[in-house]
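Structural description and commentary
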Amino acid sequence: MADEQQNAQANGAAQNEQQKAQFQIQRIYIKDVSFEAPNSPAMFRKEWKPELSVDMNVSNTKLEDNVHEVVLTLTVKNTVGEDVAFLCEVAQAGIFTIAEEVAEQAKAHTIGAFCPTILFPYAREAVASLVSKGTFPQLNLAPINFDAVFAQHMQQQQAAAGEQQPKADA
């Protein structure tokens, strides 16, 4: 019985090592940050009925074999009426190692969905901190399902590729 438990623990440790070897976070950092409050201090005297817009972009760069930089950029714009209360942009980046053995489709999913999921809490915290330091009301961005966003992006790419292929005559 004890031998079976030791073997199970050894197998579990071997699987963990294999999974760690397939994906590893090397570094997470802010690549770029910007905060503007162009209509301050007049904005602080207005009735606060904001309209919030959030734009998101994910980009990646292959740094070397199996090493990728993924950048999640959040642009948050808050307007009151026609005046911009604040504009906040955070480019949260990470350097990730993805093993060569990982299939291309799985690698694309890792870069397009899994890595942004890791980066988002850092970017959300940076946005919240900047907005707070601008003395605006607290802003907590809702979680984003990057798997769904990635799936939608892939469907759009497949549809666009289907439209570009010449149709065979019947």
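Residues numbered from 1 in each chain as written. Predicted model: local features only at pLDDT ≥ 70, side-chain atom pairs only at ≥ 80, totals over all residues. Heavy atoms only, no water.

Before going further, it helps to examine the overall build of the protein. Counting its regular elements, the protein contains three helices and four strands. Written out in order from the N terminus, the α and β elements of the protein read α-β-β-β-β-α-α. Within the span of the protein, comprising 170 residues, buried residues form 29% of the whole. Of all intrachain contacts in the protein linking residues separated by at least 6 positions in sequence, the fraction that spans at least 24 positions is 70%. As presented, the protein carries roughly 11,500 Å² of accessible surface, and 48% of it is formed by carbon and sulfur atoms. (Helix = DSSP H or I, 4+ residues; strand = E, 2+ residues; numbered from the N terminus. Buried < 20%, exposed > 50% of the residue type's maximum accessible area, 1.4 Å probe, protein only. Contact = heavy atoms within 4.5 Å. Areas by Shrake-Rupley, 256 points an atom, 1.4 Å probe, with all protein chains shown as cover.)

Inspection of the sheet shows strand β2 (residues 50-64) paired to strand β3 (residues 67-80) by 14 bridges, in the antiparallel sense. For V58, the partnering residue across the bridge sits in β3 and is L72. Linking two consecutive strands that pair antiparallel, namely β2 and β3, is a turn of two residues; a positive phi of about 70° is found at N66 within it. (Pairing = 2+ DSSP bridges.)

Another aspect to go through is the packing of aromatic side chains. By convention here, two paired aromatic rings are described through the distance between centres and the angle between planes. Counted under the stated rule, the structure contains eight aromatic pairs. With a centroid separation of 5.0 Å and 50° between ring planes, the pair formed by F86 and F136 is classed as tilted. One end of the pair, F86, is in strand β4 (residues 83-98); the other, F136, is in the loop between α2 (104-133) and α3 (146-164), and 50 residues separate them in sequence. Each of the two residues, F86 as well as F136, counts as buried. Ring pairs connect the aromatic residues F35, F44, W48, F86 and F136, which therefore count as one cluster. (Phe/Tyr/Trp six-rings, centres within 6.5 Å; stacked < 30°, edge-to-face > 60°.)

As a further point, take unusual backbone geometry. Across residues other than glycine, the phi torsion is negative in most instances, and most of the peptide bonds are trans. With an omega dihedral of 5°, the bond running from S40 to P41 counts as a cis peptide bond. Mapped onto the fold, P41 is located in the loop between β1 (23-36) and β2. The backbone phi angle of N66 is positive, close to 70°, even though this residue is not glycine.

With that out of the way, let us pick up the nonpolar core. Counting residues in each nonpolar core, the largest one holds 30 residues, and the members touching the most others are L72, V76, F86, F96, V127, L139 and L141. Taken together, the elements giving at least two residues each to this core come down to β3, β4, α2 and α3. In this structure F86 touches F35, E36, A37, V76, K77, N78, V131, F136 and L139, once residues within four positions along its chain are discounted. (Core = buried A, V, L, I, M, F, W, Y, C linked by side-chain atoms within 4.5 Å.)

What follows is about a nonpolar patch on the surface. Together, M56, V58 and V149 line one region of the surface with nonpolar side chains, adding up to about 190 Å² of accessible area. If you trace the backbone, V149 turns up in helix α3. We classify V149 as partly exposed; its relative accessible area is 33%. (Patch = residues over 30% accessible without salt bridge, like charges linked within 9 Å, V, L, I, M, F, W, Y side chains within 5 Å. Salt bridge = Lys/Arg side-chain N within 4 Å of Asp/Glu carboxyl O.)

So, on to the layout of surface pockets. Quantified by volume, the largest pocket comes out at close to 310 Å³. As for the largest pocket, its lining consists of 15 residues, and the residues nearest its centre are V58, N60, G112, F150 and H153. Ranked by residue count, the leading element in the lining of the largest pocket is α3, at six residues. Tallied by class, residues from the lining of the largest pocket come to eight nonpolar, five polar and two charged. (1 Å grid on protein atoms, 1.4 Å probe; cavity = no way out; pocket = protein on both sides within 12 Å on 5 of 7 lines; lining within 4 Å. Points joined across faces, edges and corners; volume = space filled by probe spheres on them. Nonpolar A, V, L, I, M, F, W, Y, C, P; charged D, E, K, R; others polar.)

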